[in-house]
Amino acid sequence: MDIFSKIAAGEIPSYKCAENDEFYAFLDINPVAKGHTLVIPRREVDYIFDMDDDEIARFQQFAKKVAVAIKKAFPCRKVAEVVLGLEVPHAHIHLIPMNSEADVDFRREKLQLSKEEMQQIADKIYQSA
């Protein structure tokens, strides 16, 4: 079982933002912006394009629901959707509130947020979902 599957199963603590039977959303622990959320399928699949058409459609619909909640919780121009997928062998989408493209620069220094602040951010998104 990979690290993201363990997070979705509750074996590793996370800051939950949304969930259903198929998908799970939680805060990135190395965020580039407040509200930076990861969306994953509960099923272990390494590459997003290995998902079948119906599953990837549901994945995107779930991600959209989370993105709407993020925008409501953290007013911004748009919520960026980024799929990188090399650092963890589990398909995932980064959702990042942004007001400019510079807000989605993964090379810049990551935010250092307290556990309390992370929980407040997750709660805000969860309540908006």
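Up top is the structure these notes are about.
I will try to describe carefully the structure that is included in this document.

1. What about helix 3 (residues 115-128)?
And then number 1: With 14 residues, helix 3 should reach 20 Å at 1.5 Å per residue; the first-to-last C-alpha distance of 20 Å fits that figure.
And then number 2: Along helix 3, the positions that sit buried rather than exposed are Met 118, Ile 121, Ala 122, Ile 125 and Ser 128. Within helix 3, the buried residues cover an arc of 130° as seen down the axis, which keeps them to one side. Structural note: helix 3 exposes Lys 115, Glu 116, Gln 120 and Gln 127 on the side pointing more than 90 degrees away from its buried face.

2. Thoughts on the packing of helix 2 (residues 53-73) against helix 3
Two quantities define a packed helix pair, namely the angle between the helix axes and the distance between the axes.
And then number 1: Helix 3 packs onto helix 2 with a crossing angle of 120° between their chain directions and a minimal axis gap of 8 Å. Taken together, helix 2 and helix 3 sit at an angle that is classed as oblique. Classified by chirality, the crossing of helix 3 by helix 2 is right-handed. Across the interface between the two elements, Ala 69, Ile 70, Lys 72 and Ala 73 from helix 2 touch Lys 124, Ile 125 and Ser 128 from helix 3.
And then number 2: For the contact of helix 2 with helix 3, a count of residues per class yields four nonpolar, one polar and two charged.

3. Focus: the packing of aromatic side chains
Any aromatic ring pair is given by two values, namely how distant the centres are and how the planes are angled relative to each other.
And then number 1: For the coordinates displayed, the defined rule picks out five aromatic pairs.
And then number 2: Aromatic pair Phe 23 and Phe 62: ring centres 5.7 Å apart, planes at 35°, arrangement tilted. In this pair, Phe 23 is assigned in strand 2 (residues 23-27) and Phe 62 in helix 2, connecting sequence segments 39 residues apart. Per residue, the accessibility class of Phe 23 equals that of Phe 62, and both read buried.
And then number 3: Following the ring pairs from residue to residue traces out a cluster consisting of Phe 4, Tyr 24 and Phe 26.
And then number 4: Over the aromatic face of Phe 74 sits the side chain of Lys 124, whose NZ or CZ is 5.0 Å from the ring centroid.

The rules we used
In every chain, residue numbers begin from 1 and rise along the written sequence. Local features in this predicted model are restricted to residues of pLDDT 70 or higher, and side-chain atom pairs are both shown and tallied only at a pLDDT of 80 or more, whereas totals for entire chains, interfaces and linings draw on every residue. Hydrogens are left out, water is left out, and the side-chain values use all remaining heavy atoms of the structure. The way it works is that DSSP assigns letters per residue, a run of H or I at least four long becomes a helix, a run of E at least two long becomes a strand, and they are numbered from the N terminus. Expected helix span is taken as 1.5 Å per residue step, with the number of steps being one fewer than the number of residues. Note on classification: 1.4 Å probe, protein chains only; a residue is buried when its accessible area is under 20% of the maximum for its type, exposed when over 50%, partly exposed between these limits. In this context, the arc is that of the directions from the helix axis out to the C-beta atoms. Under this scheme, a helix contributes an axis fitted over its contacting stretch, all axes are lines through C-alpha atoms, and angles between N-to-C directions fall in the 0 to 180 degree range. Put simply, angles under 35 degrees are roughly parallel, angles over 145 are roughly antiparallel, angles from 65 to 115 are roughly perpendicular, and the rest are oblique. By definition, any crossing whose near helix is turned counterclockwise from its far helix by less than a right angle is left-handed, and any crossing with a clockwise turn is right-handed. Whether two residues are in contact is decided by their heavy atoms, any of which lying within 4.5 Å being enough. Here the nonpolar group is Ala, Val, Leu, Ile, Met, Phe, Trp, Tyr, Cys and Pro; Asp, Glu, Lys and Arg are the charged ones; every other residue, Gly included, is treated as polar. Classification of ring pairs uses Phe, Tyr and Trp, with its six-membered ring standing for Trp, and accepts pairs whose centres are within 6.5 Å; under 30 degrees between planes counts as stacked, over 60 as edge-to-face, and the remaining range as tilted. We call a charge positioned over a ring when the NZ of a Lys or the CZ of an Arg lies within 6 Å of the ring centre and within 35 degrees of the ring normal.

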